[in-house]
Amino acid sequence: MLETLPQRELARWAIENAERFIEYIDIDNEDFKYSIIQSSREILFRRINNEVNDYHLRQAGFLANTLAKKSVNDISKCSARVFAQAISTGHMRGHAIVSSDYAVKVKNLISDCDASSRERDIQIEIASKYLKIQKS
């Protein structure tokens, strides 16, 4: 399903999916956390709109990865990777799958075994919305 999405829609899907995991990111500094998220997200959307080049997006991806490096626990680290990989989807499609896999890992860390199946269903539901947008 994700292979059929154009790059822009795939990046939008990845960031929408990743935003569901921001609450689990803990770097012991909420202001710094949200400044990284806001800055990285802004660069991703500027890339989607062809306002910045891949270099700027890669820098935003490195910045977003700071969240994982500064995370205080495994749930936070995996959640930060969901976000950082979503940012990187703006320049390379393969990061979308990595982001979604980290999302499943987070669900497995915080929930029961059925959580990963439910997570994939949510991801498919979000992707279906972008497929409908593409077809209209």
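Each remark here, short or long, concerns the structure printed above.
Residues numbered from 1 in each chain as written. Predicted model: local features only at pLDDT ≥ 70, side-chain atom pairs only at ≥ 80, totals over all residues. Heavy atoms only, no water.

Colleague: Can you lay out the side chain of K33 for me, pointing to particular residues and giving the numbers?
Modeller: Secondary-structure assignment places K33 in helix α2 (residues 30–48). Ignoring any residue separated from it by four or fewer positions in sequence, one finds K33 in contact with I22, E23, I25, I27 and L67. (Helix = DSSP H or I, 4+ residues; strand = E, 2+ residues; numbered from the N terminus. Contact = heavy atoms within 4.5 Å.)

Colleague: Could you give an account of the environment of Q85, with specific residues and numbers?
Modeller: Here Q85 lies in helix α4 (residues 74–88). Sequence separation between Q85 and N65 is 20 residues; the distance between their C-alpha atoms is 8.3 Å. A polar contact of 2.6 Å, which involves the side chain of Q85, links it to the side chain of H95. (Polar contact = N/O pair within 3.5 Å; in protein donor to acceptor, adjacent residues only side chain to side chain.)

Colleague: Before we move on, can you summarise the packing of aromatic side chains with the specific residues and values?
Modeller: The full count for this structure, using the stated rule, is 1 aromatic pair. With 6.3 Å between their ring centres and 50 degrees between their planes, F21 and Y24 make a pair best called tilted. Accessibility expressed as a relative area gives 26% for Y24, which makes it partly exposed. (Phe/Tyr/Trp six-rings, centres within 6.5 Å; stacked < 30°, edge-to-face > 60°. Buried < 20%, exposed > 50% of the residue type's maximum accessible area, 1.4 Å probe, protein only.)

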